[in-house]
Amino acid sequence: MPLGTYKEALSARSTEQKILDVSQDGGIVSSLLCYALDEGIIEGAVVAGTPDEDWRPIPTVVTSSDEVIAAAGTKYSMSPTLSALKEATRQYGLEKVGVVATPCQVQGLRKAKAYPFTRFVADKVNLIIGIYCMENFPMASLDTFATAKLGFDSLTDASKMDIGKGKFWLTKDGEDKGLAIKETHGYEQAGCNVCQDYVAEWADVSTGSVGSPDGWSTVLTRTDAGESVFKAAVDAGLIETKPMDDVKPGLPLLEKLAKGKKDKNTAERERRAKMGVRIPAIY
Ligand SMILES: Cc1cc2nc3c(=O)[nH]c(=O)nc-3n(C[C@H](O)[C@H](O)[C@H](O)COP(=O)(O)OP(=O)(O)OC[C@H]3O[C@@H](n4cnc5c(N)ncnc54)[C@H](O)[C@@H]3O)c2cc1C
Ligand code: SF4
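Each residue is numbered by its place in its chain's sequence as written, counting from 1. Following the order in which they are written, the chains are lettered starting with A and the ligands numbered starting with 1. Totals for whole chains, interfaces and linings use all residues, but because this is a predicted model, local features are given only for residues with pLDDT of at least 70 and pairs of side-chain atoms are given and counted only at 80 or more. Water and hydrogen atoms were dropped before computing side-chain values, which therefore reflect all heavy atoms in the structure.

Trainee: Please give an account of the site of ligand 1 that cites residues and values.
Mentor: Here, proximity means that at least one heavy atom of the residue falls within 4 Å of the molecule or strand. Near ligand 1, the surroundings consist of 29 residues, among which Asp25, Ser30, Thr74, Lys75 and Ser209 are the closest. Serine 30 places a side-chain nitrogen or oxygen 2.6 Å from an oxygen atom of ligand 1. We define a polar contact as two N or O atoms separated by no more than 3.5 Å, with the added condition that, inside protein, one atom must be a possible hydrogen donor and the other a possible acceptor, whereas residues neighbouring each other in sequence contribute only through side-chain atom pairs. Between an oxygen atom of ligand 1 and a main-chain N or O atom of valine 210, the distance comes to 2.9 Å. Note on areas: Shrake-Rupley, 1.4 Å probe, and residue coverage restricted to the protein chains presented here. Taken by itself ligand 1 offers 920 Å² of open surface, and the protein chains cover 98% of this. Helical segments are the DSSP runs of H or I of at least four residues, strand segments are the runs of E of at least two, and each set is numbered from the N terminus. If you tally residues by element for the shell around ligand 1, the top one is helix H2 (residues 28-38), at 3 residues. The nonpolar class holds Ala, Val, Leu, Ile, Met, Phe, Trp, Tyr, Cys and Pro. Asp, Glu, Lys and Arg form the charged class, and all remaining residues, Gly among them, are polar. Considered class by class, the residues forming the shell around ligand 1 number 14 nonpolar, 12 polar and 3 charged.

Trainee: Can you break down the domain arrangement of the protein chain residue by residue, with the values?
Mentor: Domains are outlined according to an automatic or database domain assignment. Considered domain by domain, the protein chain is made up of domain 1 (8-136 + 194-275) and domain 2 (137-187). Between the C-alpha centres of domain 1 and domain 2 there is a distance of 23 Å. Two parts placed together each lose some accessible area under a 1.4 Å probe, and the buried area is that loss summed for both. Regarding the contact of domain 1 and domain 2, the summed buried area is about 1,300 Å², with carbon and sulfur atoms giving 55% of it. Any Lys or Arg side-chain nitrogen found within 4 Å of a carboxyl oxygen on Asp or Glu counts as a salt bridge. At the surface where domain 1 touches domain 2, the tally comes to 1 salt bridge. A salt bridge links aspartate 214 to lysine 165, with the nearest nitrogen and oxygen atoms 3.2 Å apart. Counting the contacts that link domain 1 with domain 2 gives 10 residue pairs in polar contact (both at pLDDT 80 or more). Considering only residue class, the side of domain 1 that touches domain 2 consists of 4 nonpolar, 5 polar and 5 charged.

Trainee: I'd like a rundown of helix H6 (residues 139-149), residues and numbers included.
Mentor: The classification of residues rests on relative accessible area computed with a 1.4 Å probe and restricted to protein chains. Under 20% of the type maximum is buried, over 50% is exposed, and intermediate values are partly exposed. Met139, Ser141, Leu142, Phe145 and Ala146 are the residues of H6 that are buried. Two residues qualify as a contact provided that any one of their heavy atoms is within 4.5 Å of a heavy atom in the partner residue. For H6, the secondary structure elements touched by its buried residues are strand S6 (160-164), strand S7 (167-172) and strand S8 (175-180). Just downstream of H6 lies glycine 151, where phi reads positive at about 80°.

Trainee: An account of unusual backbone geometry is needed here, citing residue identities and associated values.
Mentor: With an omega dihedral of 0°, the bond running from lysine 248 to proline 249 counts as a cis peptide bond. Mapped onto the elements, proline 249 comes out in the loop between strand S11 (239-243) and helix H8 (251-274). Of note, lysine 165 is a non-glycine position whose phi angle comes to about 50°, a positive value. Among the structural elements, lysine 165 can be located in the loop between S6 and S7. Lysine 165 gets classed as exposed once you look at its relative accessible area, which sits at 69%. Of note, aspartate 173 is a non-glycine position whose phi angle comes to about 50°, a positive value. Structurally, aspartate 173 can be placed in the loop between S7 and S8. Aspartate 173 gets classed as exposed once you look at its relative accessible area, which sits at 73%.

In structure tokens:
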């Protein structure tokens, strides 16, 4: 089961141009958050913003659609998302919180929800939107890709960052410059090499680009909460969907990449275990 347990797999896209203009893929994350905020399903959410516009993601509590949309787009560096949960529940006083999280952060959040000492914080998270994740990079690695490898004066010159079609892409003045993914190996954070989860298996709803055409997202609804908010946003006309079987490359590619990550990182876990290095448990 390389994709974990899910109810339904769909290809989907926001119907709102103002979201599509800034979103990474089909704008599913931002659409779901905006809908959940408008309907009172959540009172606010923790997302990854870039207050200094320098691509460094900063965990940010948002309570309006405008703030959700301002934080759209992928930043390929670690955002310590869970560190903002206390701020969301204490300073902001939120009782119903949404969280956008990478698979490892979703696991941390599920563990926090399972243990009583995080009561009054993790208990208040009632919507977990997971994003697919093959690996993540320290800011210094992104700076190296931009300057030493792609010839930019600075990473801040880039207006978009993406990974797809075997390359790490940076866009400057409307022109895309790509670096072969094999050239990024060794620059990822070392913890990612023992990670077994590609598609946020423990989220309420998971989404990413792989499997769907450009500008669309592949969505896996997993829990009752995730299925209900996704279906309601579709019924409200905020998201359009296509059956996964009707799109190319479809689920086979997603399954292949998820399995590939598990197999590669299992080998690395075994290598590290042989050296006596402690490795995190698998969930
Ligand atoms: C490090 C990383 C690696 C990824 N690898 C893959 C991959 O291999 N395959 C794939 O299909 N998809 C991958 N994704 C997911 C993909 O890039 C999009 O985030 C996803 O498809 C959602 O797009 P959207 O248009 O629905 O979201 P949008 O509407 O654009 O919203 C994106 C949301 O993600 C949040 N966010 C941005 N950066 C981060 C971050 N670093 N940590 C936590 N939250 C963040 C934003 O705050 C925003 O709320 C990766 C994402 C990250 C952060
Ligand atoms: S690869 Fe795994 S450990 Fe690394 S950021 Fe992604 S989910 Fe987290």
